[in-house]
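# A look at the structure
Here is what each chain is made of, one letter per residue.
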Amino acid sequence: MCYQYILTEKEANIGILTINQPQKRNMLHLAALKEIESALDEWKDDLDVKVVIITGAGDQSFVSGADINELNKRTMIEALQPNMTATFQKIENYEKPIIAAINGVAVGGGLELALACDVRIAVKEAKLGLPELNLGIIPGAGGTQRLTRILGKGKAMELILTGDIITGEDAERFGIVAKAVERAELIEAAMSYAARIATKSPLALKIAKMVVNKGADIDMDTALMFEKLGQALLMGSEDKNEGTRAFLEKRAANFQGR
């Protein structure tokens, strides 16, 4: 499919989605969000795509945030529409793992997009933050909630209230990103993570994402029961049989997602 604001390509079992508006610092507007959702829908049932990487075009910005012109015109009622929140929930709940390769500025909606991904890798000099309070608003596409669940209330509150911008190296130290790398190594690092993940059972990946994401929001007893039910489902799968046989036979497993 041909898109105006994003680029898509497939390499091996990995789908690469690039936000492609470098002249506008890869900002997000409603049309770009719709294209992101469309690309994810296209890959959802594509058995050749097992992991997705999201990155930004150019060497300046991952995603610089929302279109401020759109925000300036947005009314109270319009702010209640799903829009960006819905897109990021789709990313978080996507059946296949999604890796954010943060190649530059990731502020506001850009950081919120990255927080919705399963794994985040950033260049060391990347700039990350939630400066929405400078505009008289708050992070409104999951930032207040996802950052708090990653960092804990204290540090998340500090970053949100001050609007401070941190580097990729700081983000690794705080646990926001899994790894901060040199710019020349970013895509290679993201592809390496993706390739390792792609060897796993698609069913197990799907259940693991579901259990971790949902379990983080509920009490421990319920979360453990949810985990147990997920494990029980996988015990009846062909992938479990293949995985255990492959281990015993000392060979690589050939998972089919069944």
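As a reminder, the structure under discussion sits directly above these lines.
These numbers were taken from a predicted model, which means no experiment stands behind them. Think of each chain on its own: its residues are numbered from 1, step by step along the sequence as written. Where totals are concerned, whole chains, interfaces and linings use all residues; where local detail is concerned, this predicted model gives features only for residues with pLDDT of at least 70, and gives and counts side-chain atom pairs only at 80 or more. Based on all heavy atoms of the structure, the side-chain values leave hydrogens and waters out of the count.

## Topic: the overall build of the chain
Formally: Each helix corresponds to a stretch of at least 4 residues labelled H or I by DSSP, and each strand to a stretch of at least 2 residues labelled E; elements are numbered beginning at the N terminus. Each radius of gyration reported is based on C-alpha atoms, and the globular scaling rule is 2.2 Å times the count of residues to the power 0.38. Pairs of residues are marked as contacts when any of their non-hydrogen atoms sit within 4.5 Å. Only the protein chains shown count as covering a residue, and every accessible area follows the Shrake-Rupley method with a 1.4 Å probe. The charge count treats Lys and Arg as positive and Asp and Glu as negative. His and the chain ends do not count. Lys charges are placed at NZ, Arg charges at CZ, Asp charges at CG and Glu charges at CD.
Helices and strands together make up the secondary structure of the chain, namely 12 helices and 10 strands. In terms of overall dimensions, the chain is globule-like: its C-alpha atoms have a radius of gyration of 19 Å, near the 18 Å expected for 258 residues. Taking all contacts inside the chain whose residues are at least 6 apart in sequence as the whole, residues at least 24 apart take part in 69%. Counting only carbon and sulfur atoms, one obtains 55% of the accessible surface of the chain, whose full area is about 13,700 Å². Seen as two clouds, the 31 positive and the 35 negative side-chain charges of the chain have centres 3 Å apart.

## Let's talk about unusual backbone geometry
Short version of the rule: For every residue, the accessible area (1.4 Å probe, protein chains only) is compared with the maximum for its type, and the residue is labelled buried under 20%, exposed over 50%, or partly exposed between those bounds.
One non-glycine residue, A12, adopts positive backbone phi at about 55 degrees. Residue position: A12 is located in the loop between β1 (6–11) and β2 (14–19). Looking at A12, the relative accessible area reads 70%, which means it is exposed. The phi angle at R25 is positive, at roughly 60 degrees, despite the residue not being glycine.

## Let's talk about the pattern of salt bridges
Which entries qualify depends on this criterion: Salt bridges are defined by distance alone: a side-chain nitrogen of Lys or Arg within 4 Å of a carboxyl oxygen of Asp or Glu.
For the structure shown, the criterion picks out 14 salt bridges. Between K209 and D118 there is a salt bridge; the shortest N-O distance is 2.9 Å. Of this pair, K209 sits in helix α10 (residues 202–215) while D118 is found in the loop between α5 (109–116) and β7 (119–123), placing the two residues 91 residues apart along the sequence. A salt bridge links R183 to E125; the shortest N-O distance between them is 3.2 Å. Of this pair, R183 sits in the loop between β10 (179–181) and α9 (186–198) while E125 sits in the loop between β7 and β8 (127–129); the two residues are 58 residues apart in sequence, bridging distant segments of the chain. What makes E125 partly exposed here is its relative accessible area of 40%.

## Section: the nonpolar core
Basically, it comes down to this: For this analysis, a nonpolar core means a set of buried residues of the types Ala, Val, Leu, Ile, Met, Phe, Trp, Tyr and Cys, connected via side-chain atoms within 4.5 Å.
Counting 63 residues, the largest nonpolar core has L28, I102 and L113 as the members making the most contacts within it. For this core, the element with the highest residue contribution is α9, accounting for 7 residues.

## What to know about the environment of A100
Relative to the assigned elements, A100 resides in strand β5 (residues 98–102). When the C-alpha atoms of A100 and I160 are compared, they prove to be 21 Å apart, with 60 residues separating the residues in sequence. Setting aside anything within four residues of it in sequence, one finds A100 in contact with I54, F62, A114, C117, V119, R120 and I121.

## Things to note about the sheet that holds strand β9 (residues 166–167)
Applicable threshold: Note: two strands are recorded as paired if DSSP finds a minimum of 2 bridges between them.
Strands sit in the order β4-β6-β8-β9 across an open sheet of 4 strands; the sheet is mixed. The sheet terminates laterally at β4 (61–63) and β9, the two strands that pair on one side only. Here β4 runs beside strand β6 (residues 105–107); their pairing, made up of 2 bridges, is parallel. Counterpart to V63 in the pairing with β6 is A106.

Structural measurements only, silent on function.
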